[in-house]
Amino acid sequence: MTPTGRKPDEGERYRTILETAARLICERGYEGTSMQEIAAACRMTKAGLYHHIQNKEQLLFAIMNYGMDVFEEQVLAPVQDVVDPVERLRQCMRHNIHLVTSGRSKEVIIILHEHATLTGEPREFIDRRKKRYVRFLEGAFADASRQGLLPGVDPTVAAFSFLGMVLWVYKWFKPDGRLTEEQIADGMVAMILPGLSTAAASTPSSDANASAPLRMVPRAASGEEPQ
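Visitor: Outline the overall build of the protein, supporting the account with residue identities and numerical values.
Guide: When helices and strands are tallied, the protein shows 11 helices and 0 strands. When its helices and strands are written in sequence order, the protein yields α-α-α-α-α-α-α-α-α-α-α. Sequence-distant contacts in the protein: of pairs separated by 6 or more residues, those separated by 24 or more amount to 73%. For the protein, the accessible area works out to roughly 11,800 Å², and carbon and sulfur atoms hold 51% of it.

In structure tokens form, the structure reads like this:
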């Protein structure tokens, strides 16, 4: 059995339920979405939905857990083996921004928007998974500081500042707005992680900060508290 209590052979049907429910909850909010509406959107009876889902809070937990799987696959996995810590952070920021602006992963948005809704052990389980990301960022910033690439940076302050900027993008990004996903990623990377690398640290370049600065700076909000 998985942490959500489902059988491992339920596969594709289960993922469809989670993705459909996530889309509805993003549109209407958790409290504003009923199990009957989710069942109808899944083209199921309410009884059929309850065959897969125990209750509404268990559904929310399952969506968040699935969202963390997507996040780790698309954001963390591609950068784990990047040796240069600044480049590791830079690529991580780009992947994270694309994930929260692409609209393809409503489950990740729900982790951010409904982070206070879960209670008890399910909330603790998701919080532990979220803290792995914080520790990853702290480790990368600590490596960069030790190597003299980002001297004087406190890893915890830097990690939560990174999170606050990146994770809040979903609140103000507009797909049809003036800035594209790529422009936002370029601007934020240039602002918080200027053109430094291991090679650049030993041979400074006057073009290191040549990228255009971001013109829109969101308020910090990560859904986490520093430890």
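And the narrative resumes.
Visitor: So what's going on with the packing of aromatic side chains? Residues and values would help.
Guide: Between two aromatic rings, the relevant description is the distance of the centres plus the angle of the planes. Taken as a whole, this structure holds 3 aromatic pairs when the rule is applied. Consider the rings of Phe 61 and Phe 125, whose centres lie 5.7 Å apart with planes at 85 degrees: the pair is edge-to-face. Highlighted residues: Phe 61 in helix α4 (residues 56-76) and Phe 125 in helix α7 (residues 120-146), separated in sequence by 64 residues. Looking at Phe 61, the relative accessible area reads 6%, which means it is buried. When the ring of Phe 71 is compared with that of Tyr 133, the centres are 4.6 Å apart and the planes differ by 65 degrees; the resulting orientation is edge-to-face. Pair noted here: Phe 71 is in helix α4 and Tyr 133 is in helix α7, with a separation of 62 residues, a long-range link. Taking relative accessible area as the criterion, Phe 71 reaches 5% and is therefore assigned buried. The exposure class of Tyr 133 is buried, given its relative accessible area of 4%. For the cation-ring pair, Lys 56 lies above Tyr 30, with the distance from its terminal atom to the ring centre recorded as 4.5 Å.

Visitor: Give a description of the confidence of the model for the protein that names residues and reports values.
Guide: Across the protein, the average pLDDT comes to 82, with 80% of residues at or above 70. The low-confidence segment residues 197-227, where pLDDT is below 50, has 50 contacts with residues more than four positions distant or belonging to other chains.

Visitor: Pulling in residues and values, what's your account of the pattern of salt bridges?
Guide: Two side chains bearing opposite charge may form a pair once their charged atoms approach each other closely. Counted according to the given criterion, the structure contains 13 salt bridges. The salt bridge involving Arg 28 is made with Glu 37; its shortest N-O contact spans 3.2 Å. For Arg 146, the salt bridge identified is with Asp 143, shortest N-O distance 2.3 Å. Remark: Asp 143 and Arg 146 occur in helix α7; sequence separation between them is 3 residues, near one turn of the helix. Judged by its relative accessible area of 64%, Arg 146 falls in the exposed class. One connected set of salt bridges, linked through shared partners, spans Asp 69, Glu 72, Arg 129 and Arg 132.

Visitor: Tell me about the packing of helix α5 (residues 85-101) against helix α10 (residues 181-192), and name the residues and values.
Guide: At a closest axis distance of 10 Å, the pairing of α5 and α10 adopts a crossing angle of 145 degrees. Relative to α10, the crossing made by α5 is right-handed. Where α5 abuts α10, its residues Arg 90, Met 93, Arg 94, Ile 97, His 98 and Thr 101 lie against Glu 181, Glu 182, Ile 184, Ala 185, Asp 186, Met 188, Val 189 and Ile 192. In the contact of α5 with α10, the residues fall into 7 nonpolar, 2 polar and 5 charged.

Visitor: Residue-level account of the nonpolar core, with values.
Guide: Membership of the largest hydrophobic core comes to 70 residues, with the highest contact counts inside it found for Tyr 133, Leu 137 and Phe 162. The residues contacting Tyr 133, other than those within four sequence positions of it, are Phe 71, Val 75, Leu 76, Cys 92, Asn 96, Phe 162 and Leu 163.

Visitor: Explain the environment of Arg 94 to me, using residue names and the numbers behind them.
Guide: With respect to the element layout, Arg 94 can be found in helix α5. Arg 94 sits in the partly exposed class, given a relative accessible area of 25%.

Visitor: If you had to explain the packing of helix α1 (residues 11-28) against helix α6 (residues 106-113) to someone new, which residues and values would you point to?
Guide: At a minimum axis separation of 8 Å, α1 and α6 run at an interaxial angle of 50 degrees. By the angle class used here, α1 and α6 are oblique. α6 is crossed by α1, and the crossing has left-handed handedness. Across from Leu 18, Glu 19, Ala 22, Arg 23, Ile 25 and Cys 26 in α1, the residues of α6 making contact are Lys 106, Glu 107, Ile 109 and Ile 110. Here the contact of α1 with α6 is composed, by residue class, of 6 nonpolar, no polar and 4 charged.

Cut-offs used in this document
Residues numbered from 1 in each chain as written. Predicted model: local features only at pLDDT ≥ 70, side-chain atom pairs only at ≥ 80, totals over all residues. Heavy atoms only, no water. Helix = DSSP H or I, 4+ residues; strand = E, 2+ residues; numbered from the N terminus. Contact = heavy atoms within 4.5 Å. Areas by Shrake-Rupley, 256 points an atom, 1.4 Å probe, with all protein chains shown as cover. Phe/Tyr/Trp six-rings, centres within 6.5 Å; stacked < 30°, edge-to-face > 60°. Buried < 20%, exposed > 50% of the residue type's maximum accessible area, 1.4 Å probe, protein only. Lys NZ or Arg CZ within 6 Å of the ring centre and 35° of its normal. pLDDT = per-residue confidence, 0-100. Salt bridge = Lys/Arg side-chain N within 4 Å of Asp/Glu carboxyl O. Axes fitted to C-alpha atoms, helices over the stretch in contact; angles between N-to-C directions. Left-handed = near helix turned anticlockwise from the far one by under 90°. Nonpolar A, V, L, I, M, F, W, Y, C, P; charged D, E, K, R; others polar. Core = buried A, V, L, I, M, F, W, Y, C linked by side-chain atoms within 4.5 Å. Parallel < 35°, antiparallel > 145°, perpendicular 65-115°, else oblique.

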